[in-house]
Amino acid sequence: MDGATAVAVTGDGTGETQYTTTSTVDSFVAAALGFTGRVVLTVGDGVPQRDKLSWWENRPLYGWKVLVPRTKEQAGAMSARLRAYGAIPCEVPTIAVEPPRTPAQMERAVKGLVDGRYAWVIFTSVNAVRAVWEKFAEHGLDARHFGGVKIACIGEATADAVRAFGIQPELIPSGEQSSEGLLAEFSPHDEVLDPVGRVLLPRADIATETLAAGLTERGWEVDDVTAYRTVRAAPPPAEIRDAIKSGGFDAVLFTSSSTVRNLVGIAGKPHARTVVAVIGPKTAETATEFGLRVDVQPPHASVPDLVEALAAYAVELREKLAAMPAKQRRGSKVQGPTALRFR
């Protein structure tokens, strides 16, 4: 063949780290040095079409190693979305969920729900939903015993957990999905329209008082009940801790203030070149308090929006790197796969 014929060399074909470089028949051996796994050669006129057709390697987060500090039960959906964008997620549980030390509060709360003591139940997390339904199951109860009680959820993820049990929430914040966002849309108590003036708020033992205080100001009586406890998980393996502190991860996604505190507590602060993405303003405040630079925050506090915002940031970063001179690219703060493609 003509020595100038185009050749594409692909290493780790179909793998998470698949990488392709283009060359010619005369020089493709040198171009393939260092490639691992299944190596594929593409020869001829089809090679120039790579830029148009190579969707696999052109996904926004392709090759990014992303740290997901969530409980094992919660990490699955986020990891699946990250993989769809081409990332390589690494799940590191930072908290473990345990029952309250004394079950008496939850026992009284469940009895109150059945007896019509509450006008509203407000769920602030998926864990709170799970804790209430587990207590229902212990007593042989089901969704029918929520008859006459209105349900509010702090965000869409929590609302989906409620819907999974066959109940449609009455209130989900249309704006900011936080305690403040929920309070902004929660009606004050009216003695005529609301003959029952009590609200059940099943939450974690470390929850802030913002929501309970705001409801009280609006004239509601609030039963702020500890539905579950969050405890710090065991430290991850040494190689994970080293990767976190040395910049082995391209990004880290924080979904709550507790994930920030606990990750730093069990594994140390992420390296300065790691992209930090947070789900909302409270999490951003906590990250800043711990000396982290917040790079990504979605307009709406949800896991899908958080992953999408990170993907958009990666595209923006790639475009900036592509426009840089080669020397500046080498000094860029991001040393992961996005930067490597331009070296």
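Refer to the structure presented above.
Each value, and the rule that gives it
Residues numbered from 1 in each chain as written. Predicted model: local features only at pLDDT ≥ 70, side-chain atom pairs only at ≥ 80, totals over all residues. Heavy atoms only, no water. Helix = DSSP H or I, 4+ residues; strand = E, 2+ residues; numbered from the N terminus. Buried < 20%, exposed > 50% of the residue type's maximum accessible area, 1.4 Å probe, protein only. Contact = heavy atoms within 4.5 Å. Areas by Shrake-Rupley, 256 points an atom, 1.4 Å probe, with all protein chains shown as cover. Lys, Arg positive; Asp, Glu negative; His and termini not counted. Charge placed at Lys NZ, Arg CZ, Asp CG, Glu CD. Patch = residues over 30% accessible without salt bridge, like charges linked within 9 Å, V, L, I, M, F, W, Y side chains within 5 Å. Salt bridge = Lys/Arg side-chain N within 4 Å of Asp/Glu carboxyl O. Core = buried A, V, L, I, M, F, W, Y, C linked by side-chain atoms within 4.5 Å. Pairing = 2+ DSSP bridges. Axes fitted to C-alpha atoms, helices over the stretch in contact; angles between N-to-C directions. Phe/Tyr/Trp six-rings, centres within 6.5 Å; stacked < 30°, edge-to-face > 60°. Lys NZ or Arg CZ within 6 Å of the ring centre and 35° of its normal. Parallel < 35°, antiparallel > 145°, perpendicular 65-115°, else oblique. Left-handed = near helix turned anticlockwise from the far one by under 90°. Nonpolar A, V, L, I, M, F, W, Y, C, P; charged D, E, K, R; others polar.

Caption draft 1: Layout of the overall build of the chain. In terms of regular secondary structure, the chain is built from 14 helices and 12 strands. For the chain, the spread of C-alpha atoms along the principal axes amounts to about 85 × 35 × 35 Å. Taken over 343 residues, the chain has a buried fraction of 48%. Across the chain, every contact between residues at least 6 apart in sequence was considered, and the portion connecting residues at least 24 apart equals 62%. For the chain, the computed accessible surface area is about 16,900 Å², with 53% contributed by carbon and sulfur atoms. On the chain, the mean spot of the 38 positive side-chain charges and the mean spot of the 40 negative ones are 6 Å from each other.

Caption draft 2: Focus on a nonpolar patch on the surface. Taken together, the side chains of M1, V39, L41 and V43 define a hydrophobic patch exposed on the protein surface, amounting to about 400 Å² of accessible area. Among the secondary structure elements, V39 is positioned in the loop between α1 (28–32) and β3 (40–43). Residue classification places V39 among the partly exposed residues on the basis of a relative accessible area of 40%.

Caption draft 3: Focus on the pattern of salt bridges. In this structure the tally under the stated criterion is 15 salt bridges. For R229, the salt bridge is made with E98, and the minimal N-O distance between the two is 2.7 Å. Residue R229 is located in strand β10 (residues 221–232), and its partner E98 is located in strand β6 (residues 95–98); the two are separated by 131 residues in the primary sequence. With its nearest N and O atoms 2.8 Å apart, the salt bridge here joins R198 to D223. Taken together, the positions of R198 in strand β9 (residues 198–204) and D223 in strand β10 put the pair 25 residues apart, joining distant regions of the chain. The burial state of R198 is the same as that of D223; both residues are buried.

Caption draft 4: Focus on the environment of A96. Of note, A96 is situated in strand β6. Along the primary structure A96 and R70 are separated by 26 residues, whereas in three dimensions their C-alpha atoms are 9.2 Å apart. If near-sequence neighbours (up to four positions away) are discounted, A96 is found in contact with R229, T230, V231 and A233.

Caption draft 5: The arrangement of the nonpolar core in detail. Counting residues in hydrophobic clusters, the biggest one holds 28 residues, and the most contacted among them are L113, F123 and F146. Among the elements of the structure, α4 (104–115), β7 (120–123), α5 (126–138), β8 (150–153), α6 (156–163), β9 and β10 are those that each provide at least two residues to this core. The greatest single-element share of this core, amounting to 6 residues, is contributed by α5. In this structure, F146 is in contact with L113, V121, V132, W133, F136, I151 and I167, ignoring residues within four places of it in sequence. Within the second largest apolar cluster, 24 residues are counted, among which are W64, A75, L306 and V307.

Caption draft 6: Region of interest: the sheet that holds β10. Judged by pairing direction, the sheet is mixed, and its 5 strands sit side by side in the order β6-β10-β9-β7-β8 without closing on themselves. Since the sheet does not close on itself, it has two edges, and those belong to β6 and β8, each with one partner. Pairwise comparison of adjacent strand axes, ignoring direction, gives a mean angle of 25° for this sheet. Taken together, the 4 bridges between β6 and β10 define a ladder with antiparallel strand orientation. Opposite V97, over in β10, you have T230 as the bridge partner.

Caption draft 7: Fine view of the packing of aromatic side chains. Taken as a whole and assessed by the stated rule, the structure comprises 9 aromatic pairs. With a centroid separation of 4.3 Å and an interplanar angle of 20°, the aromatic rings of W133 and F165 are classed as stacked. Taken as a pair, W133 in helix α5 and F165 in the loop between α6 and α7 (179–185) lie far apart in primary sequence, 32 residues in all. Of the residues examined, W133 reaches a relative accessible area of 9% and is grouped as buried. Connected via pairs of aromatic rings, a cluster forms that spans F123, W133, F136, F146 and F165. A cation sits over an aromatic face here: R59 above W56, 3.9 Å from the ring centre.

Caption draft 8: Highlighting unusual backbone geometry. Backbone geometry places D12, a non-glycine residue, at a positive phi of 50°. Here D12 lies in the loop between β1 (6–11) and β2 (19–24). Non-glycine residue T14 carries a positive phi angle of around 70°. With respect to the helices and strands, T14 occurs in the loop between β1 and β2. Among the residues examined, T14 registers a relative accessible area of 62% and is labelled exposed.

Caption draft 9: Inspection of helix α10 (residues 257–267) at higher detail. Counting buried positions along α10 gives 9 out of 11 residues, so the element sits mostly inside the fold. Taken as a whole, α10 has its buried residues at S257, S258, T259, V260, N262, L263, V264, I266 and A267. Buried residues along α10 sit in contact with β4 (65–68), β6, β10, α9 (238–246), β11 (251–254) and α11 (281–289).

Caption draft 10: Broad picture of the packing of α10 against α11. As a packed pair, α10 and α11 sit with axes 8 Å apart at the nearest point and diverge in direction by 25°. As far as their axial angle goes, α11 and α10 are roughly parallel. Judged by the twist between their axes, the crossing of α10 over α11 is right-handed. Residues S257, V260 and R261 of α10 pack against K282, T283, T286 and A287 of α11. Classifying every residue of the contact of α10 with α11 gives 2 nonpolar, 3 polar and 2 charged.

The values reported here are purely geometric and, on their own, carry no functional implication.
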